[in-house]
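Below, each chain spelled out in residue letters.
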Amino acid sequence: SSDLFPSHDSIWCTMNYSEISSLALSFVDRQTDPEAVAAIDGMLQLVEAKVNRFLQSSKGSTTTYTQITDAEQIDYPLPSRFSAYRSVKLSTTNTAGGTKTTLYYATPDKFDNVESGNYYTIIGEVVKIMSDDIVVGNYLEMVSYVNVTPLTSLAPTNWLSDLYPDCYVQGLMAQLYAFAKDWDAAERMEIKFTDTLNEIEIQDDKTTWSGSPLTMSNC
């Protein structure tokens, strides 16, 4: 039941792949079911698929710097495990310091028609930039949300399991209930799982980003 799980704010434990899997199996009384145990990795992938669709948290964000070697280059590859951008800037250094020029998002069709300004767009696996401030030796600074690193026996922790293990356990329990064809319990736990994802987003909005939100431009 949902009473098994208090708000994530009261949970401070770090859990790994084995602990999360064992706890979820125990809660749904499937720890001795060899078929359920064998399906755990696949179920975790389904949990992470929803997390990646739903959650954009600063805990799962990364900053990458790419040095500009050609002032005429406009195409750069997206960061690894890219989900969405928080900000794209030009920077005089590859650190948080330095002078920054903010690039504003433009839709691909608008981007193709602008002739000046500071913009970026995303096409396929490439980010395209345009600015009068592109200088060889400076850096393209990209702060992006990234998909959660898959939890496996070989990679037993990630930021979500470290900070919000209840989220993983709830998502895995929903999958295990569905596996057991207990549709009512699966639906109830899926709702709890979604509620926890919402709580994480709300907490992140309140405590992390003090700057302005992503700005879109009609050029």
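See the structure above.
These figures come from a predicted structure and were not determined experimentally.

Novice: Tell me about the overall build of the protein chain, and please be specific about residues and values.
Specialist: Helices and strands together make up the secondary structure of the protein chain, namely seven helices and eight strands. Residue burial in the protein chain is summarised as follows: out of 219 residues, 41% are buried. Counting contacts in the protein chain only where the partners sit at least 6 residues apart, residues at least 24 apart contribute 71% of the total. Element-wise, carbon and sulfur atoms account for 51% of the exposed surface of the protein chain, whose accessible area totals about 11,500 Å².

Novice: So what's going on with the packing of aromatic side chains? Which residues, and what values?
Specialist: Geometrically, a pair of aromatic rings is defined through the distance of the ring centres and the angle of the planes. In total, this model carries one aromatic pair according to the counting rule given. Seen in terms of ring centroids, Tyr105 and Tyr120 are 5.5 Å apart; in terms of plane orientation they differ by 65°. Their pairing is edge-to-face. Separated by 15 residues along the polypeptide, Tyr105 in strand β4 (residues 100–106) and Tyr120 in strand β5 (residues 119–123) bring together distant segments of the chain. Here Tyr105 and Tyr120 have matching classes, each one buried.

Novice: How would you summarise the nonpolar core if you had to cite specific residues and measurements?
Specialist: Counting residues in each nonpolar core, the largest one holds 32 residues, and the members touching the most others are Val51, Leu160, Tyr168, Leu172 and Leu176. Among the elements of the structure, α1 (17–27), α3 (40–54), α5 (159–163), α6 (165–179) and α7 (183–207) are those that each provide at least two residues to this core. Setting aside residues up to four positions removed in sequence, Val51 forms contacts with Val148, Leu160, Phe193 and Leu197. Formed by 13 residues, the second largest nonpolar core is a distinct cluster that contains Tyr76, Leu90, Leu103 and Tyr105.

About the thresholds
- Residues numbered from 1 in each chain as written.
- Predicted model: local features only at pLDDT ≥ 70, side-chain atom pairs only at ≥ 80, totals over all residues.
- Heavy atoms only, no water.
- Helix = DSSP H or I, 4+ residues; strand = E, 2+ residues; numbered from the N terminus.
- Buried < 20%, exposed > 50% of the residue type's maximum accessible area, 1.4 Å probe, protein only.
- Contact = heavy atoms within 4.5 Å.
- Areas by Shrake-Rupley, 256 points an atom, 1.4 Å probe, with all protein chains shown as cover.
- Phe/Tyr/Trp six-rings, centres within 6.5 Å; stacked < 30°, edge-to-face > 60°.
- Core = buried A, V, L, I, M, F, W, Y, C linked by side-chain atoms within 4.5 Å.

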